[in-house]
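# Summary of the model geometry
The residues making up each chain are set out below.
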Amino acid sequence: MAPRFNTSDIPDLTGKVAIVTGAKRGLGFETTYLLAQAGCTVYLAGRGLSSLEESITRLKTTYPSLSTSNLHPLELDLSSTAASIAAAKSFPGSRLDIIIANAGISLDNNTTLSPDGWERHLQTNHLGHFAFITTLLPLVEATAREHGEARVVVVTSNGYTYATEGLDFSAIQSEVPPSLLGFSGGIKRYTQSKLANILFARELDRRLRERGVENVWVNAPHPGLITSTGLGGTGEQFGAPTFIGKLLRAIGACIGISEREGAMTQTWAATSKQIVEEGIHGQYLVPVLGWTRRYAYSQVEKLKETALDDEAAKKLWELSEKTVDNVQKAATGSSGS
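A brief structural summary. (Residues numbered from 1 in each chain as written. Predicted model: local features only at pLDDT ≥ 70, side-chain atom pairs only at ≥ 80, totals over all residues. Heavy atoms only, no water.)

When helices and strands are tallied, the protein shows nine helices and eight strands. Relative to its 337 residues, the protein shows a buried fraction of 53%. At a minimum sequence separation of 6, the contacts of the protein that also span at least 24 residues come to 78%. Accessible area for the protein stands at about 14,900 Å²; split by element, carbon and sulfur atoms hold 53% of it. (Helix = DSSP H or I, 4+ residues; strand = E, 2+ residues; numbered from the N terminus. Buried < 20%, exposed > 50% of the residue type's maximum accessible area, 1.4 Å probe, protein only. Contact = heavy atoms within 4.5 Å. Areas by Shrake-Rupley, 256 points an atom, 1.4 Å probe, with all protein chains shown as cover.)

Structural data, given as structure tokens:
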């Protein structure tokens, strides 16, 4: 019998606590539902408390069986390292079993650097999550010690395979060059950030295991082809007519999967006993479709060489850590003056 992973296969998560970034819509919204319906307390992390509350209301309206006390907002702005650190420090929970770094931007044509001097796709998709997760890591580790295990899920994309030359460190903290402008340039910057997600996940896993922490399970899933999330905009940001973006999404909808199906691989990474039983950590996970082109289950897929570059992973970690340290020092200096 072929393997399957259905909603009913999600184990009882009563008592567990999770954070899902980018939970207001799309994959994050569906992932929040999948966790909450299994009894998990979920913090929806994103920008704007009012819109987070609206998403919670929509979840409760759509799924009346969800517990009112199980869903909470958490203000998080990944475009700012300082805000990402502050969000992590504001987390009110005493345990944290699951972090799903789901939020991201794609094809953003804003070519100015972030307040921290990073290219904006890398700032939001990688650095903001790096700052958020590493600040929360002591709580995650403490939860794993007390309750047996914890999970960190860093959502990536098979788009990383288009970063064929590896991570371009010269472009991380530099003005966006003409070669990275426009639609094709936006794709290049997005795929670089998705490669960074995998390198971060692998390096986080390596560092944890090196310290003897073997009960925090870190993996990087690709959700599959989903065109209904709105990620990437309509193409107008590049001067393309709106109908082109709509046409491409309509075509993608015919060959892609739904948002619920797209949420299954990251939910599998966050909850499945198979992860622990088979020792799956530091891996790239992908959905497998059945003959009907619908989601069937998830599995490990071998990475391309660019994502297996341990030196690049270490260098990215050190650069990210340095930026976070500088932001924290600046905050301490300004608060002390």
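Still more ground to cover, so stick around.
This paragraph deals with the side chain of Thr 323. Mapped onto the secondary structure, Thr 323 falls in helix α9 (residues 310–336). The class of Thr 323 is buried, set by a relative accessible area of 8%. Of note is the side chain of Thr 323, whose polar atom sits 3.2 Å from the side chain of Trp 118. Sequence-distant contacts of Thr 323, that is, excluding residues within four places in its chain, are made with Asp 116, Trp 118, Leu 127 and Gln 173. (Polar contact = N/O pair within 3.5 Å; in protein donor to acceptor, adjacent residues only side chain to side chain.)

Attention now goes to the packing of helix α1 (residues 26–36) against helix α2 (residues 49–62). Two measures define how a pair of helices packs: the angle their axes make with one another and the distance between the axes. Here α1 crosses α2 at 55°, and the two axes come no closer than 11 Å. Regarding the angle of α1 to α2, the classification is oblique. Pair α1 / α2 crosses with right-handed handedness. Across the interface between the two elements, Phe 29, Thr 32 and Tyr 33 of α1 pack against Ser 55, Arg 58 and Leu 59 of α2. Looking at the contact of α1 with α2 residue by residue, the class counts come to three nonpolar, two polar and one charged. (Axes fitted to C-alpha atoms, helices over the stretch in contact; angles between N-to-C directions. Parallel < 35°, antiparallel > 145°, perpendicular 65-115°, else oblique. Left-handed = near helix turned anticlockwise from the far one by under 90°. Nonpolar A, V, L, I, M, F, W, Y, C, P; charged D, E, K, R; others polar.)

Quick look at unusual backbone geometry now. Backbone geometry at Arg 293 places phi at a positive 70°, although glycine is not the residue there. Note on Arg 293: relative accessible area 47%, which makes it partly exposed.

Spatially, eight strands are ordered β3-β2-β1-β4-β5-β6-β7-β8 in an open sheet, and the strand pairing comes out mixed. Edge positions in the sheet fall to β3 (71–75) and β8 (295–301), since each has one partner strand and no second. Strand-to-strand twist across the sheet, computed as the mean angle between neighbouring axes with direction ignored, equals 25°. Strand direction decides the pairing type here: strand β6 (residues 216–221) and strand β7 (residues 283–289), joined by three bridges, are parallel. Note that in β7 the partner of Ala 220 across the bridge is Tyr 284. (Pairing = 2+ DSSP bridges.)

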